[in-house]
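# Results of the structural survey
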Amino acid sequence: MTNPAPKAYSYIRFSTPEQAKGDSYRRQREAAEQYCLEKGLQLVADKDYLFFDSGRSAFKGKHLEHTGQLARFLGYVQDGIIEPGSVLIIESLDRLSREHLRAALPRFLEILGSGIDIYTSVDRKLYTKDFNNIDLIFSILEMSRAHSESSLKGERVSEAWKQKQKEAREIKKPLGRACPYWLKLVDGKYQPIPERVRVVSEIFRLGTTGYGQRAIAKILNASNTSIFGSSTRNPSGLWGSSSVGKILCNRAVLGEYQPTGLVDGKREKIGEPVSDFFPVVIDEDLFLGAQSARSTRNVSKATKSSANFNVWQGLAKCSMCGESMHLVNKGKPPKGGKYLRCYRSAKGRCTNKQVELGSSERAFMEILAKVDSLSLVQDSQAKIQKEISKIDLQLAKIKKRQAEIESQILEVNDDLPSFVMQAALRFDQEAKALKAQRNELKRDSQREKILNKEDFFSRLDLLTFEGRAKANYLLKALKVKVQIERQEDKVCYAIDVEGVLTFVMEQVSGKIYYYPYTGELTELLRSQGDDGAFAEMHSSMVTRVFDLLALLKEHQRIEEMLTSSAVIKEL
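Reference entry: report on the structure contained in this document.

About the criteria used
Residues numbered from 1 in each chain as written. Predicted model: local features only at pLDDT ≥ 70, side-chain atom pairs only at ≥ 80, totals over all residues. Heavy atoms only, no water. Phe/Tyr/Trp six-rings, centres within 6.5 Å; stacked < 30°, edge-to-face > 60°. Helix = DSSP H or I, 4+ residues; strand = E, 2+ residues; numbered from the N terminus. Buried < 20%, exposed > 50% of the residue type's maximum accessible area, 1.4 Å probe, protein only. Lys NZ or Arg CZ within 6 Å of the ring centre and 35° of its normal. Salt bridge = Lys/Arg side-chain N within 4 Å of Asp/Glu carboxyl O. Polar contact = N/O pair within 3.5 Å; in protein donor to acceptor, adjacent residues only side chain to side chain. Contact = heavy atoms within 4.5 Å. Axes fitted to C-alpha atoms, helices over the stretch in contact; angles between N-to-C directions. Parallel < 35°, antiparallel > 145°, perpendicular 65-115°, else oblique. Left-handed = near helix turned anticlockwise from the far one by under 90°. Nonpolar A, V, L, I, M, F, W, Y, C, P; charged D, E, K, R; others polar. Pairing = 2+ DSSP bridges.

### A word on the packing of aromatic side chains
How two aromatic rings sit relative to each other is given by the distance of their centres and the angle of their planes. Applying the stated criterion across every chain yields a total of 18 aromatic pairs. An angle of 85 degrees between the planes, with centres 5.3 Å apart, marks the rings of phenylalanine 51 and phenylalanine 73 as edge-to-face. Taken together, the residues phenylalanine 51 in strand β3 (residues 51-54) and phenylalanine 73 in helix α3 (residues 69-78) connect sequence positions 22 residues apart. Note on accessibility: phenylalanine 51 and phenylalanine 73 belong to one class, buried. Of the aromatic side chains, those joined through ring pairs into one cluster are Tyr9, Phe51, Phe73 and Tyr76. One residue, lysine 125, lies across the ring of tyrosine 127, its end atom 5.9 Å from the ring centre. Lysine 330 extends its terminal NZ or CZ atom over the ring of tyrosine 339, reaching a point 5.7 Å from the ring centre.

As structure tokens, then:
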């Protein structure tokens, strides 16, 4: 009985998409088959024993990550699944590793020490555990050469790219074909691709009207809108929420180019962005509107978009326990219907009763009429709110840069470089100027109040998804919070604006009673004809709302005191 032929395993690797398009795989596979034919080896063709890494770099050892095929081969060897006496066929030692010699050589010797021979087809050389010194020296030289070539190639590519970035910053020279998907390079200049620019515009329009990334992706897929990337990168051909999100936050639509580079293995921004580099395809107001909507959704943790947007989303809190009030659907009337319900009450942890959604939306409209919401129906106010949103985004950006500078200051033991101090001073001055502009815009906004409530209601859109989302986002931008409690036939709404209790509304049998807490709101109520609803605070329910608010503020004060540095030092 003859012994079975030794088994051979082929490991094929290439690291770039260009190699995938070429002849690399066929060449390496045919060389393995030819060697097995010559030596009488059994080339294992079972799919579980095919080791093929496409697009994995051996320079940084990515082929040895837990998802890499070479790592799987080494695991089979260690587990005894691949037996001693087998042969690993590779094109050359640089396919096995281009890592530094200190990492590559022990792995090479480990494979040989396990009784696995290594055959390199390019030079027809077989390495075994009984290697001689000449073989070892040759392998060392080969692996050292592979690492040096990869390192030098990486340095050259890096230097060439840095030079391109420098020219882009100094003379705004195009970077070649590397550009956003909605642009193309024509005769040395970037030009918009009209059909893709229309898609980008639609994404931003949907973003400003309240649709989240996932909802926008669904709309694009439903309309069979073509994706921007290639089919090899996205075989499904469908839009995903991450693709939409990347477009919504990409300032390249405003013409900016942000140079980036690898810092400690992570891609980070390098220096300030280059303005007027790409063609502008989106109006700045539209861009900022989308950012404001995204920011509002993130703060309120709103991740889902329903066909009928919940106007209380992220605004309503239970006045008894402080938890969020959620929308629940109990089916069709008359037995069912939609309600606002405290999250804890649904679990039996709170006694607050649910509030019928229809009547609560009537109260929602009254809240809109009592705050700076003219922008929903009036262009001049809408422009002011856009300017305020724009300033808020600029202030957030400056705050982030100031935090980065503070972090740098803490890490420096010696004297700080002058440019760091100059940057800190500049950001401080810019922040003060922006805050002054914001205050002036707020004053302009407050000069116009809603005097004709019925006219305001007639123009207010709370029917469409876009209109409801716009009203919700406006109240969030104004930092409005509403605490709700229901007892029997009474529902109480305590309205807090920017951390200050402004007024309370009590809804009883379709009527609304107002309890203003500022002189300004008292005058507005009189102007709107609601002064006949003034009354003394008599409801125990309303009293409990205020007691709870006071308790929450006291709790917050104690918490801040306990976390202060002085108290921590004493402890």
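Next comes the rest of the account.
### Here's the deal with the pattern of salt bridges
Opposite charge on two side chains permits pairing when their charged atoms draw close. On inspection of all chains with the given rule, the structure shows 16 salt bridges. A salt bridge links aspartate 455 to arginine 459; its shortest N-O distance comes to 3.0 Å. Here arginine 459 and aspartate 455 lie together in helix α14 (residues 453-459), a separation of 4 residues that amounts to about one turn. With relative accessibility at 42%, the residue arginine 459 sits in the partly exposed group. Among the ionic pairs, glutamate 523 bridges to arginine 526, the shortest N-O distance being 3.3 Å. Taken as a pair, glutamate 523 and arginine 526 lie in helix α16 (residues 519-527) at a separation of 3 residues, close to a single helical turn. Overall, glutamate 523 belongs to the partly exposed group, its relative accessible area being 48%. With relative accessibility at 43%, the residue arginine 526 sits in the partly exposed group. Among the ionic contacts, a cluster of salt bridges with common partners joins Arg362, Glu366, Lys370, Lys453 and Asp530.

### Observations concerning the side chain of glutamate 361
With respect to the secondary-structure elements, glutamate 361 resides in helix α11 (residues 357-370). For glutamate 361, a relative accessible area of 17% puts it in the buried group. A polar side-chain atom of glutamate 361 sits 2.6 Å from a polar atom in the side chain of arginine 468. When residues no more than four places from it in sequence are discounted, the contact partners of glutamate 361 are Val311, Trp312 and Arg468.

### What to know about the packing of α11 against helix α15 (residues 465-477)
With their axes 11 Å apart at the nearest point, α11 and α15 run at an angle of 55 degrees to one another. When the axes of α11 and α15 are compared, the pair comes out oblique. Where α11 crosses over α15, the handedness of that crossing is left-handed. For the pair formed by α11 and α15, the contact residues are Glu361, Phe364, Ile367 and Leu368 on the first element and Arg468, Ala471, Asn472 and Leu475 on the second. A breakdown of the residues in the contact of α11 with α15 according to their chemical character gives 5 nonpolar, 1 polar and 2 charged.

### So, the sheet that holds strand β13 (residues 338-342)
With respect to topology, 3 strands assemble into an open sheet ordered β12-β13-β14, the strand pairing being antiparallel. Looking at which strands have only one partner, the edges of the open sheet turn out to be β12 (325-329) and β14 (355-356). Relative to β13, β12 runs antiparallel, the two being bridged by 5 bridges. For histidine 326, the partnering residue across the bridge sits in β13 and is arginine 341.

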